[in-house]
Protein chains: 2
Amino acid sequence: MVKPQAYVFDLDGVVYRGGHPIEGAVEKINSLISEGEKVIFLTNNSTLTRGQFAEKLKKVGVMTDAGMVINSTYASALHLTEVFGRPCCVYAVGECGLAQEFEKYGFEVIRHDARTGRADAVVVGLDREFTYEKLRCAHSHIAAGARFFATNADSTMPVEHGFVPGCGSIVASIRTASGIEPEVVGKPHDPMMRILIKEYNLQPEKCILVGDRLDTDIVAGNKFGFYTVLVLTGVSSREDVETGDIKPKRIIESLTEL
Amino acid sequence: MVKPQAYVFDLDGVVYRGGHPIEGAVEKINSLISEGEKVIFLTNNSTLTRGQFAEKLKKVGVMTDAGMVINSTYASALHLTEVFGRPCCVYAVGECGLAQEFEKYGFEVIRHDARTGRADAVVVGLDREFTYEKLRCAHSHIAAGARFFATNADSTMPVEHGFVPGCGSIVASIRTASGIEPEVVGKPHDPMMRILIKEYNLQPEKCILVGDRLDTDIVAGNKFGFYTVLVLTGVSSREDVETGDIKPKRIIESLTEL
């Protein structure tokens, strides 16, 4: 490939893991940025706003800003605006970043402690303060006619030592209670990928997408025609590629090989 | 049928709904008991002990005692004792009744706030105090090798006005996080039915099983050869019978028709 139009990097397991930078990743990304490459960050993580992700990236040393980050919460706010034709009223299961991002784009967010009002949609992100009472409220809004969206469906999330339950685990409880399948925004589903492409006017075949998960990053990248690179610093292994059906264009041990 | 060996009644949606007795049910059941019939109560509800269910039944006016109640928690304690050959160490996701029932039968229960020790099994019942932290702990015990059991898999539970998320919704979140299918004890699964039959030395073809749910009560009763009766005071409707594959032997509007 000649000079790519853009590099798209996943965050958890690619740039950092549990807040600690992955060796060599920050240096490589900064050198790309210094050389004038367009570097975009694309994460299913829904717990922070775009601005907060940019802050987190700066803290580990990456020279970027909010405008170069697409997280699943921002993508969800744009997707719902499109689906409903306007910002609507949502019952949000998620951490502070989710409600803040939605409010920034004009949505009315029914917070859990308020419990009043009729929601047009239930939006579910990772919520480490998730409770049965939130499950009950989400179920009740959906039963009353609210549409059910998930920022992403990742079953687990990598942390420094191992994995913790991800957004998909919370989504599963609400799906089981309601009997309704959620519309999922994040990778490998289409809405977030469409928003990425539109937002930066990308020609995917001229872009490199780097991720650590076959079933989200690489599936999504392949589907939309990106040159996909699996980096082995996160979830998926070389063996997963050999034994499975999902094939990246290239496998690298770390970003330094990019 | 000549005089049946026993009557087996489900509780929620059959005897009461949300703590309020269903019209005619208590009188009918008491008259059967007065006539010397053997009346057994069989519930997937895991939130109380057998003794507490007997108390609840007495409160709505049913003349019974703990020895005539099989709940999914008691069935789970017996089932796990059989599976492990002895009472073992469990991490319990559930309400007070679950831990109490297990401790009564000699199990060591790791309570959520203790968080130490290695569990042989994770047992999940309905827990209206469920939190992300409990999900994380259950996932972590299963990842460390604990076997995964569910008292039941009911997706919802009938309450006075409508439905709230049931045990199955909580189980779904832990299943998604861990990627492991639980072994389910309650109806329509076999362990609880086997315990019912063994405990009272029943010949199912001589017994009447009355329930309000096709997918739990009637499926289980039919499978084990009971004479199954669907009562329309709870979850399933006459239309559900007409449009579905699960057929009770008889349908009644209320227990007074029994």
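Nothing here was measured: the structure is a model prediction, and the numbers come from that model.

Okay, the domain arrangement of chain A next. All names here are of chain A. You can read the domains of chain A as domain 1 (6-72 + 188-257) and domain 2 (83-184). When each unit is reduced to the centre of its C-alpha atoms, the spacing between domain 1 and domain 2 is 24 Å. Taken residue by residue, the interface counts 19 residues in domain 1 and 20 residues in domain 2. The junction of domain 1 with domain 2 conceals about 1600 Å² of combined surface from both sides, 48% of it contributed by carbon and sulfur atoms. There are zero salt bridges connecting domain 1 and domain 2. Remark: the boundary between domain 1 and domain 2 carries ten residue pairs in polar contact (both at pLDDT 80 or more). The residue makeup of the side of domain 1 that touches domain 2, split by class, is three nonpolar, twelve polar and four charged.

Another aspect to go through is the interface of chain A and chain B. With 22 residues of chain A at the contact, the number on the chain B side is 22 residues. Between chain A and chain B, roughly 1700 Å² of surface is buried when both sides are summed, and carbon and sulfur atoms account for 71% of that area. When the buried surface of chain A facing chain B is broken down by residue, Y132, P165 and T176 of chain A rank first, second and third, together holding 37% of it. Joining chain A to chain B, the criterion identifies zero salt bridges. Listing elements by their share of the side of chain A that touches chain B, those giving two or more residues are α5 (132-143), β11 (162-165) and α6 (167-178) of chain A. Its residues assigned to classes, the side of chain A that touches chain B shows ten nonpolar, eight polar and four charged.

Its place among the elements puts V164 of chain A in strand β11. Distance from V164 of chain A to T49 of chain A, taken between C-alpha atoms, is 21 Å for residues 115 residues apart in sequence. Residues within four places of V164 of chain A in sequence aside, it is in contact with S155, T156, M157 and V159 of chain A together with Y132, R136 and H139 of chain B.

The rules behind the values
- Residues numbered from 1 in each chain as written.
- Chains lettered and ligands numbered in written order.
- Predicted model: local features only at pLDDT ≥ 70, side-chain atom pairs only at ≥ 80, totals over all residues.
- Heavy atoms only, no water.
- Domains from an automatic or database assignment.
- Contact = heavy atoms within 4.5 Å.
- Buried area = accessible area lost by both parts, 1.4 Å probe.
- Salt bridge = Lys/Arg side-chain N within 4 Å of Asp/Glu carboxyl O.
- Polar contact = N/O pair within 3.5 Å; in protein donor to acceptor, adjacent residues only side chain to side chain.
- Nonpolar A, V, L, I, M, F, W, Y, C, P; charged D, E, K, R; others polar.
- Helix = DSSP H or I, 4+ residues; strand = E, 2+ residues; numbered from the N terminus.

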